[in-house]
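# Reading the structure
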There are 2 protein chains.
Amino acid sequence: MKIEVVRDILDANAQCAAENAALFRRLGLVAVNVMASPGAGKTSLIISTIKALDIPVAVIEGDIASTVDAQAVAAEQVPVVEINTGGACHLDAAMVRQALARLQVQGARFLFIENVGNLVCPVEFPLGEQVRVLVASVPEGDDKPLKYPGIFSAVQAVVLNKTDLLPHVDFDLSRYRSLVRGVNPQVPVFEVSCRTGHGLDVWLHWLRDLAA
Amino acid sequence: MKIEVVRDILDANAQCAAENAALFRRLGLVAVNVMASPGAGKTSLIISTIKALDIPVAVIEGDIASTVDAQAVAAEQVPVVEINTGGACHLDAAMVRQALARLQVQGARFLFIENVGNLVCPVEFPLGEQVRVLVASVPEGDDKPLKYPGIFSAVQAVVLNKTDLLPHVDFDLSRYRSLVRGVNPQVPVFEVSCRTGHGLDVWLHWLRDLAA
């Protein structure tokens, strides 16, 4: 019975995600599901991207508690809606649909959806997004693709943030790239530092291609 | 019905956790549930503690996939058993009971249980432990107590790791301490660097008191 219930939840989510996907297409939105560990830099990447991208965006901010990220995004003068999950460990498609109803998306081309900081649970809940992006970060260590293969295999891009810390930690970039390829052979890995701006141009180029 | 099932699972876990707690007492084990984000340094803290602590320990290593952490701990010549959750986002009490049956705990005084890297789900599943420790890390940022109040309020100690990175990131220690106190007024915060060894003595002193 437990397994049946879990399947019911996932089926209901998949159906809602398909409806979201159709809605995103109708609205002309490229929806990007941004996933990461706590503190890897999802909000920093979204804000750096908003500042540098010459394409209008809207943002849905998912958090378990607090509105600090949504406030930071709103300061960039883009439409933003907060989803407070009230304890839940992931966003689901129904939450995104509700948030979308409150979001001003007219004119926006990208919709960034910042998921809850968690490398495990969000993977099971598609939101209707066109692409999934994993924000990883250097201080987490170069062994993460071995330990969280589910999320590394489920994304269309890996953004490795905080490369400015490479001189200060033990992190082998070539080992990391090799481990990522081991679980997801085709995925691009963008090395960036949201703090210094290093490498963001390549990431922005990849994003622009999605909207072209 | 969904809520009923969730309650069933949590009730079953609570009962198993109570049995584990009784077993730990009978075996003379102080069980420590070590929780953190991916890459905050759970394994590093356990290994640094094993090296410096003059008290015998045993270890249960929880991971979604891979055995890299268990191998690193085994290299320290302490008894260790791996729990591979096969995708699950947290350990539960039944997993720990099964692992315990395969673990050589004779003579050990501490049992460190490394949970899955996740700041959300493990909080809901007590394992029978005597104390819960959160390993946080400087590069995750000083706002984490605001965003994950559930885990910060559920632990008996916070170990803030990677203090050697303080000169290289934006992290306000006094703000962090104040935010931690906001959700858990009494909890000690140990500032350490497993890389340099800085601050470990105070953490070890606290641990020794638990075993006294």
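How each quantity is defined
Each chain carries its own residue numbering, running from 1 in the written order of its sequence. Chains and ligands are labelled by the order in which they are written, letters from A for the one and numbers from 1 for the other. For a predicted model such as this one, the threshold for reporting local features is a pLDDT of at least 70, and the threshold for listing and counting side-chain atom pairs is 80 or more; totals across whole chains, interfaces and linings nevertheless cover every residue. For side-chain calculations, the full set of non-hydrogen atoms in the structure is used, while hydrogens and water are omitted. At least two bridges found by DSSP between two strands are what make those strands a pair. Numbering of helices and strands runs from the N terminus, with a helix taken as a DSSP run of H or I at least four residues long and a strand as a DSSP run of E at least two residues long. What counts as an axis is a line fitted to C-alpha atoms, over the stretch in contact for a helix, and the angles between N-to-C directions run from 0 to 180 degrees. Note on contacts: a residue pair is in contact if any heavy atoms of the two residues lie within 4.5 Å. Comment on the angle field: the value is read as roughly parallel under 35 degrees, roughly antiparallel over 145, roughly perpendicular from 65 to 115, and oblique elsewhere. Residue polarity follows a fixed list, in which Ala, Val, Leu, Ile, Met, Phe, Trp, Tyr, Cys and Pro are nonpolar, Asp, Glu, Lys and Arg are charged, and the others, Gly among them, are polar.

## Structural notes on the sheet that holds strand 5 (residues 131–137) of chain A
Residues and elements named next belong to chain A. Pairing within the open sheet is parallel, and its 7 strands lie in the order 3-2-4-1-5-6-7. What marks the edges here is a single partner per strand, and that holds for strand 3 (80–84) and strand 7 (189–191). Strand after strand, the sheet turns through a mean of 20° between neighbouring axes, direction not considered. In this structure, strand 5 lies alongside strand 6 (residues 157–161), joined through 5 bridges in parallel fashion. The partner of Val133 across the bridge, within strand 6, is Ala157.

## Quick look at the sheet that holds strand 4 (residues 110–114) of chain B
Residues and elements named next belong to chain B. Taken together, 7 strands build an open sheet; the order of strands is 3-2-4-1-5-6-7 and the sheet is parallel. Pairing within the sheet leaves two strands with one partner each, and these edge strands are strand 3 (80–84) and strand 7 (189–191). This sheet shows a mean twist of 20° between the axes of neighbouring strands, independent of strand direction. Summarising the sheet, strand 1 (residues 30–36) and strand 4 pair through 5 bridges and their orientation is parallel. Across the sheet, Asn33 pairs through a bridge with Ile113, a residue of strand 4. Helix-sheet contacts for helix 7 (residues 173–183) involve strand 5 (131–137), strand 6 (157–161) and strand 7, and the interaxial angle to strand 7 is about 155°.

## Quick look at the packing of helix 2 (residues 42–52) of chain B against helix 8 (residues 200–211) of chain B
Residues and elements named next belong to chain B. Relative to each other, helix 2 and helix 8 sit at 75°, their axes nearing to 11 Å. With respect to their mutual orientation, helix 2 and helix 8 come out roughly perpendicular. Where helix 2 approaches helix 8, its residues Leu45, Ser48, Thr49 and Ala52 are matched on the opposing element by Leu200, Trp203, Leu204, Leu207 and Arg208. Residues of the contact of helix 2 with helix 8, tallied by class, amount to 6 nonpolar, 2 polar and 1 charged.

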